[in-house]
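# What the coordinates show
Spelled out, the chains give:
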Protein chains: 10
Amino acid sequence: MIDTKNLTQLGTQVETPQSPEAAVLETVPFSRGDGPPAIVRFTCPEFTSLCPVTGQPDFAHIVIDYAPDSALVESKSLKLFMTSFRNHGAFHEDCTVMIGRRIVAATKPLWLRIGGYWYPRGGIPIDVFWQTGAPPEGAWLPETGVAPYRGRG
Amino acid sequence: MIDTKNLTQLGTQVETPQSPEAAVLETVPFSRGDGPPAIVRFTCPEFTSLCPVTGQPDFAHIVIDYAPDSALVESKSLKLFMTSFRNHGAFHEDCTVMIGRRIVAATKPLWLRIGGYWYPRGGIPIDVFWQTGAPPEGAWLPETGVAPYRGRG
Amino acid sequence: MIDTKNLTQLGTQVETPQSPEAAVLETVPFSRGDGPPAIVRFTCPEFTSLCPVTGQPDFAHIVIDYAPDSALVESKSLKLFMTSFRNHGAFHEDCTVMIGRRIVAATKPLWLRIGGYWYPRGGIPIDVFWQTGAPPEGAWLPETGVAPYRGRG
Amino acid sequence: MIDTKNLTQLGTQVETPQSPEAAVLETVPFSRGDGPPAIVRFTCPEFTSLCPVTGQPDFAHIVIDYAPDSALVESKSLKLFMTSFRNHGAFHEDCTVMIGRRIVAATKPLWLRIGGYWYPRGGIPIDVFWQTGAPPEGAWLPETGVAPYRGRG
Amino acid sequence: MIDTKNLTQLGTQVETPQSPEAAVLETVPFSRGDGPPAIVRFTCPEFTSLCPVTGQPDFAHIVIDYAPDSALVESKSLKLFMTSFRNHGAFHEDCTVMIGRRIVAATKPLWLRIGGYWYPRGGIPIDVFWQTGAPPEGAWLPETGVAPYRGRG
Amino acid sequence: MIDTKNLTQLGTQVETPQSPEAAVLETVPFSRGDGPPAIVRFTCPEFTSLCPVTGQPDFAHIVIDYAPDSALVESKSLKLFMTSFRNHGAFHEDCTVMIGRRIVAATKPLWLRIGGYWYPRGGIPIDVFWQTGAPPEGAWLPETGVAPYRGRG
Amino acid sequence: MIDTKNLTQLGTQVETPQSPEAAVLETVPFSRGDGPPAIVRFTCPEFTSLCPVTGQPDFAHIVIDYAPDSALVESKSLKLFMTSFRNHGAFHEDCTVMIGRRIVAATKPLWLRIGGYWYPRGGIPIDVFWQTGAPPEGAWLPETGVAPYRGRG
Amino acid sequence: MIDTKNLTQLGTQVETPQSPEAAVLETVPFSRGDGPPAIVRFTCPEFTSLCPVTGQPDFAHIVIDYAPDSALVESKSLKLFMTSFRNHGAFHEDCTVMIGRRIVAATKPLWLRIGGYWYPRGGIPIDVFWQTGAPPEGAWLPETGVAPYRGRG
Amino acid sequence: MIDTKNLTQLGTQVETPQSPEAAVLETVPFSRGDGPPAIVRFTCPEFTSLCPVTGQPDFAHIVIDYAPDSALVESKSLKLFMTSFRNHGAFHEDCTVMIGRRIVAATKPLWLRIGGYWYPRGGIPIDVFWQTGAPPEGAWLPETGVAPYRGRG
Amino acid sequence: MIDTKNLTQLGTQVETPQSPEAAVLETVPFSRGDGPPAIVRFTCPEFTSLCPVTGQPDFAHIVIDYAPDSALVESKSLKLFMTSFRNHGAFHEDCTVMIGRRIVAATKPLWLRIGGYWYPRGGIPIDVFWQTGAPPEGAWLPETGVAPYRGRG
Ligand SMILES: [Ca+2]
Ligand SMILES: [Ca+2]
Ligand SMILES: [Ca+2]
Ligand SMILES: [Ca+2]
Ligand SMILES: [Ca+2]
Ligand SMILES: [Ca+2]
Ligand SMILES: [Ca+2]
Ligand SMILES: [Ca+2]
Ligand SMILES: [Ca+2]
Ligand SMILES: [Ca+2]
Ligand SMILES: [Ca+2]
Ligand SMILES: [Ca+2]
Ligand SMILES: [Ca+2]
Ligand SMILES: [Ca+2]
Ligand SMILES: [Ca+2]
Ligand SMILES: [Ca+2]
């Protein structure tokens with residue numbers, strides 16, 4: 001049985017954390033068994049942060065793949081963590097990588113990658129792709145298949 | 001046989017006109033015969049003009065449907081006309097309608113409509129749809145089927 | 001049983017006709033029974049003709065819908081007829097409508113429409129849509145659903 | 001409760017009927033209640049028959065919409081009926097309409113339409129669309145949305 | 001301000017109702033103001049019930065459009081209602097219409113329609129489309145755009 | 001020439017308004033000329049507000065079509081207005097209609113419609129479609145073509 | 001000829017097993033011949049289980065690829081096994097891997113992988129990808145091509 | 001010039017073979033020249049066989065890639081061979097591999113692979129992928145890109 | 001500056017060559033600089049030739065990728081070359097490879113590949129993929145992404 | 001904190017540079033931390049230049065991927081740089097590679113690649129793919145997924 005007694009957010013009405021610093025990524029134990037690691041993918045099409053220069057909202061579609069070792073991200077805490085960027089200002093590149101590093105710090109996975117597909121500014125969208133290293137040997141890791149930006153027509 | 005002796009641009013190396021005013025839309029005679037009018041569609045994914053306020057380039061995908069009466073737009077002159085907006089400044093709404101009115105003036109069609117699908121500015125694309133009236137009775141007029149804008153994801 | 005004894009092309013090795021004039025559209029009897037007319041659609045993605053001015057090849061994707069009365073187009077003769085435009089020069093608008101009129105003449109249908117989706121020249125494709133009148137009352141006539149031209153991206 | 005005691009095929013191991021004539025379309029009672037009729041759609045991508053001239057197999061994707069009055073088509077009997085065309089020879093137009101008429105005869109619906117989307121022969125696929133009359137007033141009848149044939153590329 | 005004091009399920013941990021009869025569709029007051037009615041669409045891709053004959057699970061993708069008058073469906077109660085069919089046996093046609101009628105009974109809308117897109121059995125999926133009458137005059141009601149079933153390839 | 005001297009936001013660095021009430025929708029004069037009205041479409045895939053009950057973020061893709069009479073929405077003010085919902089709590093139905101009514105109040109168009117496509121909650125997304133009346137006679141108003149929600153697979 | 005005499009479920013009316021433990025995965029002998037192993041893919045878009053914490057239904061689209069050695073999964077027993085999760089509570093990660101391990105235990109394949117594409121909860125869908133090791137050398141294993149989740153718009 | 005004098009089926013009216021055993025796969029000589037082998041792909045969306053247990057029809061979409069050495073499959077004989085399975089009973093896995101092995105026997109290619117995408121039974125489609133070994137070094141072998149099965153919605 | 005003085009076709013009105021033998025592939029000098037070679041892709045959806053046995057037209061969609069060394073294909077001469085197959089008879093496999101070899105002979109590239117996607121005959125389209133060797137190390141060579149043939153539905 | 005004091009274009013109203021030579025690509029410092037490099041993708045569907053021979057406009061959809069070392073491209077300067085090609089004449093191959101080399105010169109990245117998808121001329125679009133070397137080890141670099149050109153139908 002899964003040990004959930006340390007969780008403070010799951011099954012409780014909790015406030016949205018006001019900043020990424022205030023958000024707590026919680027975990028549940030994972031027993032990965034024999035063979036190559038499993039890959040777990042979170043797709044987050046509801047993400048918004050602020051431009052660090054102008055303070056105007058930015059939007060992104062975020063995809064996270066990781067290979068958990070002994071801890072899974074508890075998904076409600078992940079949702080609250082993602083929500084906590086709502087009033088946070090950062091450049092696209094820094095923001096994307098920071099999300100990845102926070103999940104690494106919380107779960108100490110065998111491997112993690114993150115893709116941030118940001119909405120266009122000045123007619124040009126920016127995508128940021130980062131991973132902690134080459135994917136684990138023998139694991140199955142499909143492409144994300146996110147559609148390319150195409151403008152109009 | 002089609003009378004093309006009045007055409008000054010087709011089959012000749014001509015300069016790109018420097019403004020819509022300088023461009024000449026030429027026509028060829030059309031015999032529409034019995035029955036409902038034919039509909040002719042031009043799809044122009046290569047269109048650019050300038051923002052009238054900032055002078056920065058704007059881009060659009062333009063679709064034109066018309067029901068010729070006794071004159072067809074000569075297609076090379078149409079291409080040159082569309083190209084002539086390259087250094088022309090206008091708002092999206094005005095620019096789209098102006099293109100439609102110019103073709104009306106040149107060909108006196110039974111009917112015309114134009115759709116301008118402009119690339120996003122400030123995260124919001126603008127589409128402009130204009131026609132000279134209800135489509136002619138009994139004519140076949142398929143939807144344009146231009147894909148909606150979807151941002152990312 | 002269907003009377004096919006008048007057919008001269010079906011089931012026989014015949015030469016490709018050298019011009020639309022040389023092609024013969026043959027028919028088979030059709031008994032349309034009670035109720036609204038049936039609609040029959042031919043989709044012809046393999047069509048090529050010549051530019052009447054330069055002699056260079058043009059290509060089109062052609063869709064024909066018709067409501068047969070007492071005669072069906074025999075499909076092998078249709079294929080040969082479409083092939084006969086290979087060395088024929090005509091403008092897109094004239095060529096499309098001519099195909100439609102020839103089938104009307106051969107089968108005397110209750111109604112017919114034709115769409116010609118021509119490949120781009122000068123960056124601008126031309127579509128031509130023509131029909132003999134409003135579609136017959138009570139018949140089912142789905143949209144053709146041909147994808148719009150979109151350039152690149 | 002639905003009266004199924006007259007059904008001879010449902011819930012029984014039955015042989016595939018060897019011809020459409022041998023197939024029996026069975027029905028179950030339907031109580032359509034107040035308001036506009038319901039529309040029921042069957043999509044049959046597994047259909048094959050024979051060419052009446054050459055005996056070679058033909059394939060089609062068939063879509064049937066009908067507005068049942070007091071009888072529904074029992075779906076296992078429909079499947080067996082569709083299968084019974086496997087060794088039946090008919091032209092596309094006749095075959096499509098015949099399927100529609102058989103279901104009309106069996107269920108006496110308020111209305112029925114059928115679309116046959118046949119695989120290409122000689123590079124040209126044929127679609128056949130037939131219905132018993134204009135769709136019933138006030139009923140909801142979405143388009144079938146079957147993708148158009150496009151050849152290659 | 002919206003009066004939610006009568007709601008017994010929203011914001012409370014409630015058990016999944018064991019049958020449609022046990023489920024309670026709750027409503028919240030709606031002030032529809034001037035002009036044509038608004039249309040509200042629920043898309044429910046997570047739906048399962050049982051075959052009334054064999055007891056085996058059936059799956060469907062359900063889309064509901066309605067024009068609320070003075071009451072909105074409270075969405076958590078809708079979710080619980082849809083979930084309550086998990087152990088309920090019914091034919092596709094009856095089940096789809098029953099869901100529609102229950103929402104009509106609970107909210108007394110100006111109008112409602114429901115589409116049930118059932119997963120294939122015997123190679124043939126069944127769709128059921130039902131509405132309470134012609135859509136309200138002047139309202140905007142887009143097509144559902146649900147993709148047609150296509151088998152393989 | 002277009003009179004822009006009354007505009008207080010365009011071409012100026014302005015703060016994001018903190019609420020819809022604080023946002024000011026500005027307009028520019030529009031001369032609509034002869035014939036049917038033009039239709040202008042804004043597509044806003046970057047929209048977020050708050051749940052009025054739990055305070056958690058909601059996301060939507062919003063499409064607005066209107067027929068301007070003598071005033072166009074100034075697009076920068078529209079963007080700021082849409083952004084002003086970031087800290088605003090409202091139900092999906094009310095929020096969607098409110099945006100539409102605000103633009104009506106600001107521009108007094110001949111007609112307007114708005115579609116709000118909200119991200120799923122509890123596995124069920126909600127769409128809200130509202131318009132001020134039947135679309136203007138003789139105007140061209142394409143479908144929005146927004147893809148239906150499909151869950152997974 | 002294939003030896004099916006040990007099969008207890010195929011060709012028999014059997015009850016849906018009430019739990020994964022109660023379900024029996026049966027096999028049929030397979031002779032894989034020379035050369036690299038064949039890959040067999042099952043696509044299961046009809047899958048539902050329960051949340052282990054709240055008891056609410058979860059839904060998933062499951063894809064299984066395996067390289068059989070001397071035993072194939074008998075497909076009716078596979079269907080019954082998948083159905084047996086209907087009242088089973090498990091986290092997405094555990095449930096997905098458990099299905100894979102059960103098929104491994106039953107068929108002792110050369111290799112197996114499983115992908116679970118779960119419907120979104122809290123706006124974030126979870127995918128789980130697991131395999132027993134690197135795919136067998138020389139086998140052909142296409143991507144699953146499951147579409148990515150995209151929210152709305 | 002290509003030697004076709006041994007061909008007994010091409011250019012002749014031949015009967016459909018009644019079984020795979022009765023079908024003859026004929027070949028034409030191929031000169032593959034310098035460099036890596038060419039890859040030839042046949043796509044066969046019109047395929048049907050019988051269930052070996054129930055005798056009911058099965059349908060599949062079949063894709064064959066091979067690297068010819070000194071013999072090409074003559075395509076009319078391939079078509080007749082595929083047609084010969086119409087009254088043949090076999091399991092999906094065996095049938096798919098058998099087709100591949102027959103083409104190997106007839107043409108002795110450098111390499112061959114075959115994918116069988118079978119229509120769903122019991123809600124679960126089965127795909128079978130088999131090849132004779134790793135693809136030849138230096139050859140170009142694109143993915144087949146066959147769309148995954150998705151059920152409904 | 002690019003040396004174009006040897007070109008005899010570019011910028012001149014030239015006749016369509018009557019055979020591939022009569023066509024001249026011209027080149028312009030290319031300076032490929034440091035690093036891995038560039039890849040240049042030509043997509044030719046307008047291609048037609050003749051069946052060498054029956055003389056009937058064949059159609060194909062052709063994609064050519066090459067890594068130029070010191071010479072680029074002059075694109076007008078390429079177009080004329082492709083057009084020259086209009087009256088040329090050849091089997092699909094031979095025709096595709098021949099086009100590739102002619103471009104190799106004319107430009108002596110570091111590497112070249114060609115894909116011919118031929119329209120279906122007898123219900124089965126044929127694709128031919130050929131390349132001169134493994135792609136150059138360190139070059140970027142995306143998949144062509146040509147959609148697979150799918151028949152109907 | 002990011003040092004932006006050297007930036008001369010960001011946050012300032014600047015003129016569009018009249019040529020690529022006049023455009024200045026500015027950078028901001030980047031700290032790439034441990035592990036494999038991040039990949040940053042710019043998608044530029046709004047690009048136009050001139051044909052060096054005829055002076056007529058060319059259009060392209062450009063995708064740039066790079067692995068920044070210690071400097072990021074400042075995105076407003078990138079936009080101005082791309083805009084500066086509006087009156088610049090160059091062949092597709094040279095133009096594409098030149099853009100890539102300029103970004104390399106400005107940011108000294110670990111690696112860069114560029115894809116230029118040019119609109120068709122003479123019915124044949126040209127794509128140009130160039131990179132500075134093999135992608136960095138351990139980095140995540142998804143395919144661009146740009147749709148292939150398909151002509152009509
Ligand atoms: Ca920015
Ligand atoms: Ca603007
Ligand atoms: Ca022309
Ligand atoms: Ca419509
Ligand atoms: Ca474009
Ligand atoms: Ca036929
Ligand atoms: Ca059933
Ligand atoms: Ca199919
Ligand atoms: Ca809500
Ligand atoms: Ca689904
Ligand atoms: Ca969960
Ligand atoms: Ca989105
Ligand atoms: Ca089976
Ligand atoms: Ca052939
Ligand atoms: Ca050029
Ligand atoms: Ca095509």
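Above: the structure in question.
Quick look at the structure, then.

Cut-offs used in this document
Residues numbered from 1 in each chain as written. Chains lettered and ligands numbered in written order. Predicted model: local features only at pLDDT ≥ 70, side-chain atom pairs only at ≥ 80, totals over all residues. Heavy atoms only, no water. Helix = DSSP H or I, 4+ residues; strand = E, 2+ residues; numbered from the N terminus. Rg over C-alpha atoms; globule rule 2.2 N^0.38 Å. Buried < 20%, exposed > 50% of the residue type's maximum accessible area, 1.4 Å probe, protein only. Contact = heavy atoms within 4.5 Å. Lys, Arg positive; Asp, Glu negative; His and termini not counted. Charge placed at Lys NZ, Arg CZ, Asp CG, Glu CD. Least-squares fit on C-alpha atoms with pLDDT ≥ 70 in both. Axes fitted to C-alpha atoms, helices over the stretch in contact; angles between N-to-C directions. Parallel < 35°, antiparallel > 145°, perpendicular 65-115°, else oblique. Left-handed = near helix turned anticlockwise from the far one by under 90°. Nonpolar A, V, L, I, M, F, W, Y, C, P; charged D, E, K, R; others polar. Polar contact = N/O pair within 3.5 Å; in protein donor to acceptor, adjacent residues only side chain to side chain. Buried area = accessible area lost by both parts, 1.4 Å probe. Salt bridge = Lys/Arg side-chain N within 4 Å of Asp/Glu carboxyl O.

Let us look at the overall build of chain A. Of regular secondary structure, chain A possesses two helices and six strands. Reading chain A from its N end, one meets helices and strands in the order β-β-β-β-α-α-β-β. In terms of C-alpha radius of gyration, chain A reaches 16 Å, essentially the compact-globule figure of 15 Å for 153 residues. Seen through its principal axes, chain A has C-alpha atoms that stretch 50 × 40 × 25 Å. For chain A, with 153 residues in total, the buried portion stands at 61%. Restricting the contact set of chain A to residue pairs at least 6 apart, pairs at least 24 apart contribute 69%. A gap of 4 Å separates the mean positions of the 13 positive and 15 negative side-chain charges of chain A.

With an RMSD of 0.0 Å, the fit of chain A onto chain B corresponds to turning through 180° and sliding 0.0 Å along the axis. In short, the pair behaves as if placed about a two-fold rotation axis. The overlap is high: 100% of the interface residues of chain A also sit at the interface in chain B, so the same surface is used on both sides.

All right, on to the relation of the copies chain C and chain B then. Relative to chain B, chain C is turned by 72° and slid 0.0 Å along the rotation axis, the superposed coordinates differing by an RMSD of 0.0 Å. Considering both components of the superposition, the chain copies are consistent with a five-fold axis. Measuring from the rotation axis to each C-alpha of chain C, the shortest distance belongs to Gly145 of chain C, at 6.9 Å. When the interface residues of chain C are mapped onto chain B, a mere 4% of them again lie at the interface, so each copy presents a different face.

Chain F makes no contact with chain I; the smallest distance between any of their C-alpha atoms is 18 Å. At the C-alpha level, the nearest point of chain H lies 13 Å from chain J, with no contact between them.

Residue and element names in this part refer to chain H. Put simply, helix H1 (residues 75-83) and helix H2 (residues 92-107) touch, their axes get as near as 12 Å, and they point 150° apart. Relative to H2, the element H1 is oriented roughly antiparallel. Judged by the sense of rotation from one axis to the other, the crossing of H1 with H2 is right-handed. On H2, the residues touching Leu78, Phe81 and Met82 of H1 are Ile99, Arg102 and Ile103. Across the contact of H1 with H2, the residue classes break down as five nonpolar, no polar and one charged.

Now for the side chain of Asp65 of chain E. All names here are of chain E. By the secondary structure assignment, Asp65 is in strand E3 (residues 57-67). Judged by relative accessible area, which is 0%, Asp65 ranks as buried. One polar contact links Asp65 to Arg41, side chain to side chain, over a distance of 2.6 Å. When near neighbours in sequence (up to four residues on either side) are disregarded, Asp65 contacts Ile39, Val40, Arg41, Trp111, Leu112, Arg113, Leu141 and Thr144.

This brings us to the interface of chain A and chain B. At the interface, 17 residues of chain A touch 17 residues of chain B. Between chain A and chain B, a total of about 1300 Å² is buried, with carbon and sulfur atoms accounting for 54% of that surface. When the buried area of chain A at its contact with chain B is split by residue, Tyr149, Arg152 and Gly153 of chain A rank highest and sum to 52% of it. Between chain A and chain B we count two salt bridges in total. Note that Arg152 of chain A is salt-bridged to Asp127 of chain B, the shortest N-O span being 2.8 Å. Remark: the boundary between chain A and chain B carries four residue pairs in polar contact (both at pLDDT 80 or more). Secondary structure elements with two or more residues in the side of chain A that touches chain B: strand E5 (111-118) and strand E6 (126-131) of chain A. In terms of residue class, the side of chain A that touches chain B is built from nine nonpolar, four polar and four charged.

Time to look at unusual backbone geometry. Residue Lys108 of chain B is not a glycine yet carries a positive backbone phi of 45°. Lys108 of chain B gets classed as exposed once you look at its relative accessible area, which sits at 60%.

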